[in-house]
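Take a look at the letters that make up each chain.
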Amino acid sequence: MLEIKNLSVSVDNKQILNGLNLSVKAGEVHAIMGPNGSGKSTLAHILAGKPGYEIIGGEIIYQGKNLLAMEPELRACEGIFLAFQYPVEISGVNNLYFLKEAYNAIRRHRAEKALDAMDFLKLAKEKMKLVELNESFFNRNVNEGFSGGEKKRNEIFQMAILDPTLAILDETDSGLDIDALKTVASGVNHLRNEKKAIILVTHYQRLLDYIKPDFVHVLAQGKIIKSGDATLALRLEEEGYSWALEKENARA
Amino acid sequence: MGILSSIKKREETFKERLSLLEKKEPSWFLEQRRDAFKQFSKTGLPTRKDEEWKYLNLSPLSAADFGEGKTTQKVTLPDWPSLADTIIITIVNGKWDAKLSHNLKELPKEVVISNLSDAMGSRIDLKKNINHPVADSNSLLFLNTAFFDCGLFLSIPDKTAVKKAIVLWHIVTHQENSLVLPRSLITLGKSSKLDLVEFFMGQTEASYLTNNVTEIVLGESSQLNHLRIQDENKNSHHFSLTHVSQSYQSRYTSASFSSGAHISRQQCHVMMDAEKTQCNLSGLFIAGHNQQMDHHVRIDHLKPEGTSSTLFKGIVDGEAKGIFNGKVIVHPNAWHTDAWQKSNNLLLSPEAEIDPKPQLEIFAHDVKCSHGATVGALDPMALFYLNSRGISLQKAQELLTYGFAHEFQVPFDWMKNNFECFLTQKLTGLKFGGAYEEV
Ligand SMILES: Nc1ncnc2c1ncn2[C@@H]1O[C@H](COP(=O)(O)OP(=O)(O)O)[C@@H](O)[C@H]1O
Ligand SMILES: [Mg+2]
């Protein structure tokens, strides 16, 4: 589904990714871990199409298409979803109205009929139960004045509605108490099936107790320096990133 | 050549008009007309040399003259669903057309709606309510006073709360270079209440010039909620003066929306000449393509314990130019005044220009006043957030602009949904820095 080959990226003349490779197939869940500032959010943003990055090398193929040539809205229409590490507050824009616009834009792209306000409300009410947000969040401005946990739940709510093929969650677990964490995890597990893929960017092994990954990768020094199965996350938790880094540097 | 540029033509036209009015209007008002004519002849239209007019280019106006409408043209009433239950007074090319009114019978009997010329003939007391001197746009007031035809007088008696809103539906059907001079005097008696809408629009593509004057006199403890919508065609010019005089404990709430006309300048001047008056002005303007839009607000706090607020939001795109000039003057006796003024603006294109100028002059002690202005652009992070959910760039920009505009609210609940649809529609016309097609 997703093939990242030798990706190198810089921002403001500062190189952040340096020959990163990653291959994700349908049905898989990949966890990406790594120290602060190692480029995890940068990778997530590039997958979603955030402007401002300079691609200095490599390519990304998504479902056989050159992802880097696609506008962000087209990527979303083609099934990519990013749950932001820092969801943006948008004043004056109604949360549910925004989501209806997004949902219908994606439906129209798939040549499906747009839902009217009534039918969309029905869908929203159903999906809302999944993330345990109450309906008062429908009529608030997008993320405005939401607590950290509410913002993350709102991201998962959006994901549940938009039903992506490739979901990227950027530290959705950070700052959540255990109940919120379970809710987020159940939202993700709900999405999980053999046609979809999920990339979880996380700092903590904790989330992986609830969402079992097929692969765990360590991102450091601008690339994936180590990959393994779920046990790698436990090892990282015990020994820290320095352990993985030392091994990588010894190899180099 | 039109009356604005040819002195000879102007004098002939004025004589002709006056001779028709002599039988109808009282001598005190004819005197005011003559005086206004003299003054206008002396000053002419403002030019960029006038400090308060320096941002506007008025040279295209010199051809303006009184035009003829195509009498066969059908005039349409507003298609806003929320206006179906209002009282509509239709003013075509500056003249009230009684045949085109709507729901007039539902007004309380004591409410007076008449031709202003006739009303002045029978009521000497109107003398003190008309032709208030105004800051900065006297020459346009003179032009209107000298030449307006009939005018409209609306009077709400004491202790009358008018349940249905009254809509002054101003439309223009005249041809190229027509000069349209609507004139209204609106008085509210003690403890009366009114919802008023002034709606200006062209039902022609011609480049006409509207020069409107609305004078409002608020009696003790009266309340006026006033919405102004300026949606003239994009070839036209729109000038307007709203003058408000407030009495003890009266409350004036005004919301002004503009998106029409090629060149426009709208001035609102509120005289808070009594204690405990309250005045809340808000505005939203959307200027795109090559529009020039100027809003002048002036509030005079003359007596103690007045409260005023002014919030104007400007959205400027293309090569358009927006101007906000607000002046709050707290006079020496106006202690315990509470006044704030804000001008927030959104620049959508690198070629667009906005000149916000909030000013505060305080001559009294013990007052609470503040003012400020901001100019910003759309937040790129918010744009990306919307795009990443599948929303197109155009739509995302419209949504964020809507979010910016949303703070502006019409002063009537019954119109909120309808206005939101109207606003959303207006935003779809913006290009967000892209090129506008020539019309
Ligand atoms: N817009 C930017 N301009 C300059 N540096 C940036 C920008 N965005 C990210 N960086 C830098 O890139 C590095 C990687 O950041 P990020 O991808 O957010 O890391 P992570 O998510 O792994 O903590 C950091 O050193 C950060 O400071
Ligand atoms: Mg990050």
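Heads up: these notes are all about the structure in this document. For every chain, the first residue of its written sequence is number 1, and the numbers climb from 1 along that sequence. Note on labels: chains are lettered from A, ligands numbered from 1, in written order. With pLDDT at 70 or above as the cut-off, local features in this predicted model cover only qualifying residues; side-chain atom pairs require 80 or more to be listed or tallied, and sums for whole chains, interfaces and linings still use all residues. Computation of side-chain values: all heavy atoms of the structure, hydrogens and water removed.

## Thoughts on the interface of chain A and chain B
Here is the rule: Contacts were defined at the residue level, with two residues in contact if any of their heavy atoms lie within 4.5 Å. The term buried area means the drop in 1.4 Å probe accessible area that two parts suffer when joined, counted for both and summed. The working definition used for a salt bridge is a side-chain nitrogen of Lys or Arg within 4 Å of a carboxyl oxygen of Asp or Glu. Side-chain atoms alone can form a polar contact between residues adjacent in sequence; in general such a contact is a pair of N or O atoms within 3.5 Å, and within protein one must be able to donate a hydrogen while the other accepts it. Helix numbers and strand numbers start at the N terminus; a helix is a DSSP run of H or I with at least 4 residues, a strand a run of E with at least 2. Side-chain classes are defined by residue name, with Ala, Val, Leu, Ile, Met, Phe, Trp, Tyr, Cys and Pro counting as nonpolar, Asp, Glu, Lys and Arg as charged, and the others, Gly among them, as polar.
Contact residues are listed per partner, giving 31 residues for chain A and 19 residues for chain B. Taking both partners together, chain A and chain B bury about 1900 Å²; carbon and sulfur atoms supply 72% of that area. On the chain A side of the interface with chain B, the three residues burying the most area are A:E73, A:F84 and A:V88, jointly 26% of the side's total. Taking the shortest distance from any N to any O, the salt bridge between A:E155 and B:R389 comes out at 2.7 Å. At the junction of chain A with chain B, the criterion picks out seven residue pairs in polar contact (both at pLDDT 80 or more). Taken together, the elements giving at least two residues each to the side of chain A that touches chain B come down to α1 (40-48), α2 (72-77), β6 (80-83), α3 (95-109) and α5 (148-162) of chain A. Among the elements that make up the side of chain A that touches chain B, the one with the highest residue count is α3(A) (six residues). A class-by-class count of the residues in the side of chain A that touches chain B yields 21 nonpolar, six polar and four charged.

## Description of the coordination of the magnesium ion (ligand 2)
In plain terms, the rule: Any nitrogen, oxygen or sulfur atom within 2.8 Å of a metal ion counts as a donor, with the limit raised to 3.2 Å for Na, K and Ca, and since water is left out, coordination shells can look unfinished.
Within the protein, A:S41 (OG) and A:Q85 (OE1) serve as the donor atoms for the magnesium ion (ligand 2), at 2.0 to 2.2 Å. Pair noted here: A:S41 is in helix α1 and A:Q85 is in the loop between β6 and α3, with a separation of 44 residues, a long-range link.

## Overview of the site of ligand 1
Residues and elements named next belong to chain A. Put simply, the rule is: Note on terminology: near, applied to a residue and a molecule or strand, indicates that one of the residue's heavy atoms is within 4 Å of it. All accessibility values rest on the Shrake-Rupley procedure with a 1.4 Å probe; residue burial counts only the protein chains present in the view.
Inspection of the region around ligand 1 gives V11, D12, K14, I16, P35, N36, G37, S38, G39, K40, S41 and T42 as its neighbouring residues. Take T42: an N or O atom from its side chain is 2.5 Å from an oxygen atom of ligand 1. Contact with the protein chains removes 63% of the 570 Å² of surface that ligand 1 exposes when unbound. Listing elements by their share of the shell around ligand 1, those giving two or more residues are β2 (14-24) and α1. Element by element, the count of residues in the shell around ligand 1 is highest for α1, at three residues. Of the residues that constitute the shell around ligand 1, the class distribution is three nonpolar, six polar and three charged.

## Details of the sheet that holds strand β4 (residues 54-62) of chain A
All names here are of chain A. We apply this condition: Note: two strands are recorded as paired if DSSP finds a minimum of 2 bridges between them. The axes are straight lines fitted to the C-alpha atoms, using for helices just the contacting stretch, and the angles between their N-to-C directions are given from 0 to 180°.
Strand order in the open sheet made by the four strands is β2-β1-β4-β5, with antiparallel pairing throughout. The two strands at the open ends of the sheet, each matched to only one other strand, are β2 and β5 (65-66). Taken together, the eight bridges between strand β1 (residues 2-11) and β2 define a ladder with antiparallel strand orientation. Looking across to β2, one finds that S10 is bridged to Q15. Seen against the sheet, α1 touches β1, β2 and β4 and runs at an angle of roughly 115 degrees to β1.

## Observations regarding the packing of helix α5 (residues 380-387) of chain B against helix α6 (residues 393-405) of chain B
Residues and elements named next belong to chain B. Heads up, the rule is: An angle below 35 degrees is treated as roughly parallel, one above 145 as roughly antiparallel, one from 65 to 115 as roughly perpendicular, and anything else as oblique. Put simply, a crossing is left-handed when the front helix is turned counterclockwise from the back one by less than a right angle, and right-handed when it is turned clockwise.
Relative orientation of the contacting elements α5 and α6 amounts to 125 degrees, with a least axis distance of 9 Å. The pairing of α5 with α6 is recorded here as oblique in orientation. When the axes of α5 and α6 are compared, the crossing they make is right-handed. Only L393, A396, Q397, L399 and L400 of α6 make contact with α5, whose side of the interface consists of A382, L383, L386 and N387. In the contact of α5 with α6, the residues fall into seven nonpolar, two polar and no charged.

## Some details on the packing of aromatic side chains
All names here are of chain B. Stated formally: Only rings of Phe, Tyr and Trp enter the pairing, Trp through its six-membered ring, and a pair is recorded when the two centres are within 6.5 Å. The plane angle decides the type: under 30 degrees is stacked, over 60 is edge-to-face, the rest tilted. Here the term buried applies to any residue with accessible area under 20% of the maximum for its type, exposed to any over 50%, and partly exposed to those in between, with areas from a 1.4 Å probe on protein chains only.
Taken as a whole and judged by the stated rule, the model has 21 aromatic pairs over all chains. The interplanar angle of 85 degrees and the centroid separation of 5.4 Å between the aromatic rings of F257 and F419 together place this pair among those described as edge-to-face. Here F257 is found in strand β12 (residues 251-258), whereas its partner F419 is found in helix α7 (residues 416-427), with 162 residues between them in sequence. With a relative accessible area of 0%, F257 lands in the buried category. Classification of F419 as buried rests on a relative accessible area of 4%. The rings of W80, W169, F199, F257, F408, F419 and F422 are connected pair by pair, giving a single aromatic cluster.

## Here we look at the sheet that holds strand β10 (residues 223-228) of chain A
All names here are of chain A. The strand order β6-β7-β8-β3-β9-β10 describes an open sheet built from six strands, whose pairing is mixed. Sheet topology places β6 and β10 at the edges, where each strand pairs with a single neighbour. Direction aside, neighbouring strands of the sheet carry axes that sit 20 degrees apart on average. The pairing of strand β7 (residues 166-170) with strand β8 (residues 197-201) spans five bridges and is classified as parallel. Within β8, the position partnered with D170 by the bridge is V201.

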